[in-house]
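Chains, contacts and geometry: an overview
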Amino acid sequence: MPTVVRLLTLALVAAISPAPRAAESLNLFAWSEYVPQAVIDGFSQETGIKVNYATYASGEEMLSKLLTGGAAYDLIQPPDYIAEAMIRNKLLRPLDRARLPNLRHLAPEFLALPHDPASAYTVPYMIGTVGIVVNTERVKEPIRGYRDLFQKKYSNRIVVVNDNREIVSWALVTLGLSQNDITRASLAKARPLIAEWLKLVKVFDSDSPKTPLLNGDVDLGVVWSGEAAKLIKGNKKFAYVLPAEGYHSFVDLLAIPATAKNPAAAHRFLDYVLRPEVSKLISDEFPYTNPNLAARKLLSPEQLANPASYPPLGKLDTFRDIGKAAADIDKLMTDLKTAAAK
Amino acid sequence: MTDLVQASPGTARLPRFTGWLLLAPLAVWLIAFVVAPALILVVYSFSERDELGRVVFTFTLENYRRAADPVYLAVFGRSVAYAAITTAICAVLAYPVAWTLARTRAPWRGRLLLLVMIPFWTSFLIRTYAWITILKSEGLLNGLLLYTHTIAAPLELLYTPGAVVLGLVYAYLPFMILPIYGSAEKLDPALIEAAHDLGCGPWQSFARVVLPLTRPGLAAGVMMVFVPAIGMFAISDLMGGARVPLIGNVIQDQFVGQARDKPFGAALAVIFMALFALLYWLWQRRTEGRVA
């Protein structure tokens, strides 16, 4: 009994006493499964800065939690269109480029994009595309794009990411419209096409769309390129296709919120992640397109040849912030999903 | 008597004060975790949001107007249907189990009850993933059936409405078994014997004696399964492939999903709570009416 009391007292003292000055910390708020543990450990070991890694499952969730202001985050990982809205609302802190010498490794085509035209607030972390995965053992006909994919004969054999804006954008480009043209008129045009498509889909999954493909529950999918790259790495029967009708890229960024308590540590972490040998670790675990050219030199020929990781990218076409129009997409998709399920 | 009470008001007030003191933790808990969040939801539901999804406090009925849209009524109706089917299956499955438990002798009764509760020791999500491993196309069940040549091609089990109902029944079955068990245990076996003596067959004695006497447990079980089942969203995502939006999915999407529309999500949640309060009130009135 006395031991228990002593332990409890110790725990209480530890809980209420202020953290010692020496243990500097960095509050990182990032996607779940996007920053390798080895990178975090390596940074802590080298700098003595403790990293608190909190995670979220969508850019919107991140934004919502950041705005509610429960905790002060020093470094966040927003997708491009969320960063655009954050910059416009002065929620990000301008970067001190003098503290980021490793920025020189980044390929220029991933900088100065519409979400941050001067690259003043954000650093690209990984770039991805959304494309079609085909299980070539079960699907023999060529699949070149959305029209080939969404056919009656593939009914109940398709997985797509559970992301309403994504699905709407595929329909828009199939109709020859811009993926960022989210107006009532364009949504009305896309509606019948999406309604047909949704009837064919078996699974909607954003977290791990590769799982039903791997399990054999479906033979085709529209998924994040990093998920596709993992499938292809494990089994050559999977192929990755950039849809002929048009596709878009997403740029996942690192940025420092305006409310950050420790921007100095955030800059150190940013520059650490930009080191070629550290960036390579991220590519090993999350095989998206690495914007770090010096890190790419460290990758194996097999990694670089993975068609999902390094597809022939033209001019990057990214999502733009659509503000309140997100509610129109939500209503449209809820309606169509309900109708498709009968 | 009256004189005595009037003569010592101090002693009369004391127990009342102690009573309130004992109630205080519960009251604080209720205010902090039930009343306050519900009030916040009500305030949100009349507000607007800005382009980033922040709540802007104004007064608008727009969210309620939108919630009355047929799209969301259909989602609501479907959620009720799923929850009702789940509750019905749970009741049918749980009743004999609870009855058998209540009629089992002492050492075994405890052990069997423990078995009913053991699943709670594992995370709900992990148990759901276990079902995915069993049901998937190249999963354990299909593997077994193919191996024994019961079927020629894998059955489509996962990502179907049936899988969602299975997941819901599995998750909530114990919540039906335990209250029915509570009622069945208290039932005096002599009453059944009396029913038999008075000429009731097994079916009649069940319908006219056993069922009415275990009705409170059954009713509690129905509430405990139906209410959480209607708001569940994880099972329809994981086992249903997120094909069928249930009301829980729609509300979740407003708060942490892409819709970025907390006021609308709050309006849906408030309507939801109001409906339950109404149903509960009607149900209470009916049962009280019967007692009187």
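Residues numbered from 1 in each chain as written. Chains lettered and ligands numbered in written order. Predicted model: local features only at pLDDT ≥ 70, side-chain atom pairs only at ≥ 80, totals over all residues. Heavy atoms only, no water.

Brief notes about the domain arrangement of chain A
Residues and elements named next belong to chain A. Applied cut-off: An automatic or database domain assignment supplies the start and end points of every domain. The contact criterion used is simple: two residues touch if any of their non-hydrogen atoms lie within 4.5 Å. A carboxyl oxygen of Asp or Glu within 4 Å of a side-chain nitrogen of Lys or Arg is what we treat as a salt bridge. We define a polar contact as two N or O atoms separated by no more than 3.5 Å, with the added condition that, inside protein, one atom must be a possible hydrogen donor and the other a possible acceptor, whereas residues neighbouring each other in sequence contribute only through side-chain atom pairs. Helix numbering and strand numbering both begin at the N terminus, where a helix is a DSSP run of H or I of at least 4 residues and a strand a DSSP run of E of at least 2. For this classification, Asp, Glu, Lys and Arg are treated as charged, while Ala, Val, Leu, Ile, Met, Phe, Trp, Tyr, Cys and Pro are nonpolar and the rest, including Gly, are polar.
Per the domain assignment, the segments of chain A are domain 1 (16-126 + 250-305) and domain 2 (128-249 + 319-340). Relative placement of domain 1 and domain 2: their C-alpha centres are 28 Å apart. Tallying the contact residues gives 15 residues for domain 1 and 17 residues for domain 2. Across the pair Asp321 and Arg88 runs a salt bridge whose closest N-O atoms are separated by 2.9 Å. On inspection of domain 1 and its partner domain 2, the count reaches 4 residue pairs in polar contact (both at pLDDT 80 or more). In terms of residue count, helix H4 (residues 80-88) provides more of the side of domain 1 that touches domain 2 than any other element does, 5 residues in total. In terms of residue class, the side of domain 1 that touches domain 2 is made up of 9 nonpolar, no polar and 6 charged.

Section: the packing of aromatic side chains
Going by this rule: Any pair of Phe, Tyr and Trp rings, taking the six-membered ring for Trp, is counted once the centres come within 6.5 Å. Such a pair is stacked with planes under 30 degrees apart, edge-to-face with planes over 60 apart, and tilted for the rest. When accessible area is computed with a 1.4 Å probe and restricted to protein chains, residues below 20% of their type maximum are described as buried, those above 50% as exposed, and intermediate ones as partly exposed. Geometrically, a charge over a ring is one whose NZ (Lys) or CZ (Arg) sits within 6 Å of the ring centre while staying within 35 degrees of the ring normal.
For the structure shown, the criterion picks out 28 aromatic pairs over all chains. Judged by centre distance (5.7 Å) and plane angle (15 degrees), the rings of A:Tyr146 and A:Trp170 are stacked. Residue A:Tyr146 is found in helix H5 (residues 146-149), and its partner A:Trp170 is found in helix H6 (residues 164-174); the two are separated by 24 residues along the sequence. No difference in accessibility class separates A:Tyr146 from A:Trp170, as the two residues are buried. Taking the centre distance of 5.1 Å and the plane angle of 15 degrees together, the rings of B:Phe46 and B:Phe59 count as stacked. Note that B:Phe46 is positioned in the loop between helix H2 (9-45) and strand E1 (48-49) and B:Phe59 in the loop between strand E2 (55-56) and helix H3 (62-67), a separation of 13 residues in sequence. Through successive ring pairs, a cluster of aromatic residues spans A:Tyr34, A:Tyr125, A:Trp224, A:Phe250, A:Phe286 and A:Tyr288. A:Arg165 extends its terminal NZ or CZ atom over the ring of A:Tyr81, reaching a point 5.3 Å from the ring centre.

Quick look at the confidence of the model for chain B
Cut-off, in case you're wondering: On a scale of 0 to 100, pLDDT captures the predictor's confidence in every residue.
Taken residue by residue, chain B gives an average pLDDT of 88. The fraction at 70 or more is 93%. Counted against residues more than four places away or in other chains, residues 1-9 of chain B, with its pLDDT under 50, gives 0 contacts.

Focus on the side chain of A:Ser279
Mapping A:Ser279 onto the fold places it in helix H11 (residues 276-285). Setting aside residues up to four positions removed in sequence, A:Ser279 forms contacts with A:Val273, A:Asn290, A:Asn292 and A:Ala295.

A few points about the nonpolar core
Rules: Among buried residues, those of type Ala, Val, Leu, Ile, Met, Phe, Trp, Tyr and Cys that are joined through side-chain atoms within 4.5 Å constitute a nonpolar core.
Of all hydrophobic cores here, the largest spans 92 residues; its most connected members are A:Phe150, A:Trp170, A:Ile194 and A:Phe269. Summarising the domain contributions, this core has at least three residues from each of domain 1 (16-126 + 250-305) and domain 2 (128-249 + 319-340) of chain A. Apart from the residues lying within four places of it in its own chain, the contact partners of A:Phe150 are A:Ile158, A:Val160, A:Trp170, A:Trp197, A:Leu200, A:Val201 and A:Val222. Counting residues in each nonpolar core, the second largest holds 73 residues, with A:Val218, B:Met176, B:Leu238 and B:Leu246 among its members.

What to know about the environment of A:Ile322
Residue and element names in this part refer to chain A. In this fold, Ile322 is placed in the loop between helix H13 (301-305) and helix H14 (325-340). For Ile322, a relative accessible area of 18% gives the class buried. Sequence separation between Ile322 and Asp181 is 141 residues; the distance between their C-alpha atoms is 9.0 Å. Non-local contacts of Ile322, meaning those with residues more than four positions away in its chain, are made with Arg165, Ile182 and Ile329.

Considering unusual backbone geometry
Residue and element names in this part refer to chain A. With phi around 60 degrees, Glu33 is a residue other than glycine that occupies positive phi space. Mapping Glu33 onto the fold places it in the loop between strand E1 (25-31) and helix H2 (37-47). Classification of Glu33 by relative accessible area gives exposed; the value is 63%. Not every positive phi belongs to a glycine, and Ser119 is a case in point at roughly 50 degrees. Its relative accessible area of 8% is what places Ser119 among the buried residues.

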